[in-house]
Amino acid sequence: MQVRDVTVTGAALTPFNRRKDGTGFRDWALSAFEMALERSGLERSDIDALYVASESDFFHLQLNPASVLATELGLTGVAATRCEGGGASGQVAVHTAARAIQAGAAKHVAVIGADPSASSLSGDAVRTLYGFSFDAWTDGMTGLTSTALYALSFQAFAAEHGGTEADLATVTLQNRSNACHNPGAHLPRRDSPQDIADSPAIASPYRRLHCSPLSDGAAAIILSRTDATPRTRIGAARIAGMGAATDHMHLGARADPGFFNAKQMAMQRACADAGATPAEIGLAELYDAYAGTQLQAIAALGLSEDVSRDLNDGAFAPSGRCAINLSGGLMGQGAPVGATGVGQTATCALLLEGRYHPALQPDTLPRYALADTHGGVCTLSAVTILERAERAA
Amino acid sequence: MISHHLGLDYALNPGWMAPYVAGLSVGKARARRCQSCAATSFPPLRVCTCGCLKGDWTDLPGTAQILFRTTGLDGDFGLVHFDGATTKTTLRLQAIPATETRGIIAASGDDLPVLCLTALGGERDG
Ligand SMILES: [Zn+2]
């Protein structure tokens, strides 16, 4: 089968925050879609298919949301698919959409991620529901929270691979500091290590400031067959490689409960797909559900041989060899679950085109950027490598 | 804003895991021993990590070593190693002092099948 090349012709995110303006997820989805479509230089009638990432009907109380959004976005008639993979839902949608183009089944597709994770239910209700993101029969019924499972996984990681309280603080401060330059970020904050230590304990070692927030918001990308990309979009980034994998659903059944094995496999598959190596990744949007999760991700993705050392040497700072979470990541920018993976991919595409928020846009652009998303405690991992166009700004 | 309360009463069938759920209710750690490699999983795995689909139910002694524990808003949880098991287990820790490194499974009774470790000598009746 001939595999078609895929270009990100349009990319946009709404602000991620807790909405208090009376708007709902359909409004945010439309807003992100229209911005992405305008940037793509395409018309609604050019769109062959719609892929919608939304984690849970519990949030918006809308079953079959892809069919509803097809109407709401003015796309009635297109093929529509809802994609779900927990926290990875957005990246799963990106992969599914890109594969459709690669296979020749579509020329231009819209990928929309949207969830009202902050405003529609109480934080306690969402926490209860998230407990059923893992094995509902064991962890879910037991009342194990997401934060508790991530905390246990990080402790296992730290015992085997290293990672200190100071490292958790460094990640927290860096991501939220980056978010201060992102006008769409939920938590642009400049805390001190003492502020972190003084924030309430959620599940040791995690305190409130080590956690990503629940957010409302949407993100959209338009993917096009590269040979059908409008001339005005010749500098747009392309999808170079995709990889996905799963790990055992029980943390305790994994040989190393602290290591994100699914992420390592997904990255190896994406690198093989792209013909790239982890060392060539110069920008990365990582799935930092918690501060320690970012350290675990860096290790599994092969972005460092010694995570603590490189973190403290500034390798992942905005001016470092691989700037991580310039957007602020989930911790700083926020996490409207279905929108997260789509937003990460959109952010990478905008960065590689030189069109991101000016204060965060690097002076020199790397060849590759990485969008990394997972669901469960990295039970389902999906990563995408994007490549800068030769004629990018 | 539209305020709406939705209450849901589920009737869930545990299927092949029924012996595990029944074991929890009376405080038994009912594990699955692989017929091929003898690995013993708890919570039970339908398919062993070796790939074998055939296993037998076996009751572990119910005591476990606490490897990692986390404390916070929703109580204490741990990653533990049950005596006789090959896999490790994530569960709730109930009334186990921070200095204690071992515990014993607690009966969940007729409530949800909660996986819970309690202090040795302090197990709930059941
Ligand atoms: Zn076996």
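Scroll up to find the structure this text is about.
The rules we used
Here the residue index of a chain counts from 1 through its sequence in written order. Following the order in which they are written, the chains are lettered starting with A and the ligands numbered starting with 1. Predicted model: local features are reported for residues with pLDDT of at least 70 only, side-chain atom pairs are reported and counted for 80 or more only, and whole-chain, interface and lining totals are derived from all residues. Values shown for side chains rest on all heavy atoms present in the structure; no hydrogens or waters enter the calculation. Patches here are clusters of residues that have more than 30% relative accessible area and form no salt bridge, with a 9 Å joining cutoff for like charges and a 5 Å cutoff for nonpolar side chains (Val, Leu, Ile, Met, Phe, Trp, Tyr). Throughout, the Shrake-Rupley method with a 1.4 Å probe supplies accessible areas, and for residues the shown protein chains are the sole cover considered. The salt bridge definition used is simple: a Lys or Arg side-chain nitrogen within 4 Å of an Asp or Glu carboxyl oxygen. Put simply, DSSP H or I for four residues or longer makes a helix, DSSP E for two residues or longer makes a strand, and each gets a number counted from the N terminus. Partly exposed residues are those whose accessible area sits between 20% and 50% of the maximum for their type, while under 20% is buried and over 50% is exposed, using a 1.4 Å probe and protein chains only. Note on method: axes are straight lines fitted to C-alpha atoms, helices fitted across the in-contact stretch only, with angles between N-to-C directions ranging 0 to 180 degrees. Note on terminology: angles under 35 degrees are roughly parallel, angles over 145 are roughly antiparallel, angles of 65 to 115 are roughly perpendicular, and the others are oblique. Only heavy atoms enter the contact rule, under which two residues are in contact if any of them lie within 4.5 Å. In this count, Pro and Cys sit with the nonpolar residues alongside Ala, Val, Leu, Ile, Met, Phe, Trp and Tyr, while Asp, Glu, Lys and Arg are called charged and the others, Gly among them, polar. Strand pairing requires that DSSP identify at least two bridges connecting the strands. Coordinating donors are taken to be N, O and S atoms lying within 2.8 Å of the metal, or within 3.2 Å when the metal is Na, K or Ca; because water is excluded from the atom set, some sites may appear incomplete. Here a Phe, Tyr or Trp ring, Trp counted by its six-membered ring, pairs with any other such ring whose centre lies within 6.5 Å, and the pair is stacked when the planes are under 30 degrees apart, edge-to-face when over 60, and tilted otherwise. Between N or O atoms, a polar contact is any pair within 3.5 Å; within protein, one atom must be a potential hydrogen donor and the other a potential acceptor, and residues adjacent in sequence are included only when both atoms are from side chains. Nine residue types can take part in a nonpolar core, namely buried Ala, Val, Leu, Ile, Met, Phe, Trp, Tyr and Cys, and a core is a set of them joined through side-chain atoms within 4.5 Å. Note on definitions: buried area is the accessible-area loss of two parts on being combined, 1.4 Å probe, summed for both.

> So what about a nonpolar patch on the surface? Which residues, and what values?
A cluster of nonpolar side chains, Phe58 and Leu61 of chain A together with Leu6, Leu8, Tyr10 and Leu12 of chain B, forms an exposed patch at the surface whose accessible area comes to about 630 Å². Counting through the fold element by element, Tyr10 of chain B comes out in the segment before α1 (18-25). For Tyr10 of chain B, a relative accessible area of 58% gives the class exposed.

> Got a sec to walk through unusual backbone geometry? Specific residues and values, please.
With an omega of 5 degrees, the peptide bond between Ser204 of chain A and Pro205 of chain A qualifies as cis. Residue placement: Pro205 of chain A occurs in the loop between β5 (201-203) and β6 (206-207). Residue Pro43 of chain B is reached from Phe42 of chain B by a cis peptide bond, and omega for that bond is 0 degrees. Inspection of the secondary structure assignment puts Pro43 of chain B in the loop between β2 (40-41) and β3 (55-60).

> Please provide a residue-by-residue account of the packing of helix α8 (residues 165-179) of chain A against helix α11 (residues 291-301) of chain A, values included.
All names here are of chain A. For the pair α8 and α11, interaxial distance at closest approach is 8 Å and the crossing angle is 100 degrees. Comparing their axes, α11 and α8 come out roughly perpendicular. Of α11, the residues touching α8 (which contributes Asp167, Leu168, Val171, Thr172 and Asn175) are Ala291, Gly292, Gln294 and Leu295. Taken together, the residues that form the contact of α8 with α11 break down as four nonpolar, four polar and one charged.

> Which residues make up the sheet that holds β3 of chain B, and what are the values?
Residues and elements named next belong to chain B. Reading across the sheet, the three strands line up as β2-β1-β3 and stay open at both edges, with antiparallel pairing between neighbours. Both edges of this open sheet fall to β2 and β3, since each of them pairs with a single strand only. In the packing of α1 onto the sheet, contacts are made with β1 (29-34) and β3, and the angle to β1 comes to roughly 150 degrees.

> Tell me about the coordination of the zinc ion, and please be specific about residues and values.
Residues and elements named next belong to chain B. With distances of 2.3 to 2.4 Å, the protein atoms coordinating the zinc ion are Cys34 (SG), Cys37 (SG), Cys48 (SG) and Cys50 (SG). Within one chain, the residues donating to the zinc ion are spaced in sequence as C-x2-C-x10-C-x1-C. What makes Cys37 partly exposed here is its relative accessible area of 40%.

> Explain the packing of aromatic side chains to me, and be specific about the residues and the numbers.
Residue and element names in this part refer to chain A. Applying the stated criterion across every chain, the model contains eight aromatic pairs over all chains. Ring centres of Phe59 and Tyr130 lie 6.0 Å apart, and the angle between their planes is 85 degrees; this geometry places the pair in the edge-to-face category. With Phe59 in helix α2 (residues 57-60) and Tyr130 in helix α5 (residues 123-130), the pair connects residues that are 71 residues apart, well separated along the chain. Among the residues examined, Tyr130 registers a relative accessible area of 17% and is labelled buried.

> Account for the side chain of Thr142 of chain A, with residues named and values stated.
The residue Thr142 of chain A is located in helix α6 (residues 136-142) in this model. On the basis of relative accessibility, which here comes to 1%, the residue Thr142 of chain A falls in the buried class. Among the polar contacts made by the side chain of Thr142 of chain A, one reaches the main-chain amide nitrogen of Leu115 of chain B at a distance of 2.9 Å. Ignoring anything within four residues of it in the chain, the contact list for Thr142 of chain A reads Phe77, Leu91, Arg92, Pro113, Val114 and Leu115 of chain B.

> Go over the pairing of strand β12 (residues 380-387) of chain A with me, naming the residues and quoting the values.
All names here are of chain A. Among the eight residues in β12, seven count as buried, and that is most of the element. Here strand β8 (residues 238-246) pairs with β12 via eight bridges, running antiparallel. Along β12, the bridge assignment pairs Gly241 with Ile385. Sheet topology places strand β11 (residues 368-375) next to β12; eight bridges connect them, and they run antiparallel. What sits directly across from Asp372, in β12, is Val383.

> Please set out the nonpolar core residue by residue, giving values where relevant.
Note on soluble globular proteins: their nonpolar side chains tend to be buried together. Residue and element names in this part refer to chain A. Ranked by internal contacts, the top residues of the largest apolar core, which has 58 residues, are Ile281, Leu286, Leu303, Leu370 and Ile385. Excluding residues within four positions of it along the chain, Ile281 makes contact with Met267, Leu303, Arg321, Cys322, Tyr368, Ala369, Leu370 and Ile385. Ranked by size, the runner-up nonpolar core spans 40 residues in total, among them Ala106, Leu350, Leu351 and Leu360.

> For the packing of helix α4 (residues 89-102) of chain A against helix α14 (residues 337-353) of chain A, give the residues involved together with the corresponding values.
All names here are of chain A. Packing of α4 against α14 leaves a shortest axis separation of 5 Å and a crossing angle of 55 degrees. Our classification of the angle between α4 and α14 gives oblique. Note on element contacts: α14 touches α4 through Gly338, Gly341, Val342, Gln344 and Thr345, opposite Ser89, Gly90, Gln91 and Val94.

> I'd like a rundown of the interface of chain B and chain A, residues and numbers included.
By convention, interface size is frequently given as the accessible area that disappears when the constituent parts associate. Opposite the 34 residues of chain B that make contact, chain A presents 29 residues. Buried area between chain B and chain A, both sides added, is near 2,500 Å², and the carbon and sulfur share of it is 68%. On inspection of chain B and its partner chain A, the count reaches one salt bridge. Asp74 of chain B is paired through a salt bridge with Arg127 of chain A; the nearest N and O atoms lie 3.2 Å apart. Along the contact surface separating chain B from chain A lie nine residue pairs in polar contact (both at pLDDT 80 or more). Elements that contribute at least two residues to the side of chain B that touches chain A include exactly α1, β4 (63-72), β5 (75-82) and β6 (89-94) of chain B. The dominant element in the side of chain B that touches chain A, judged by the number of residues it contributes, is β4 of chain B, at five residues. Its residues placed into classes, the side of chain B that touches chain A shows 20 nonpolar, 10 polar and four charged.

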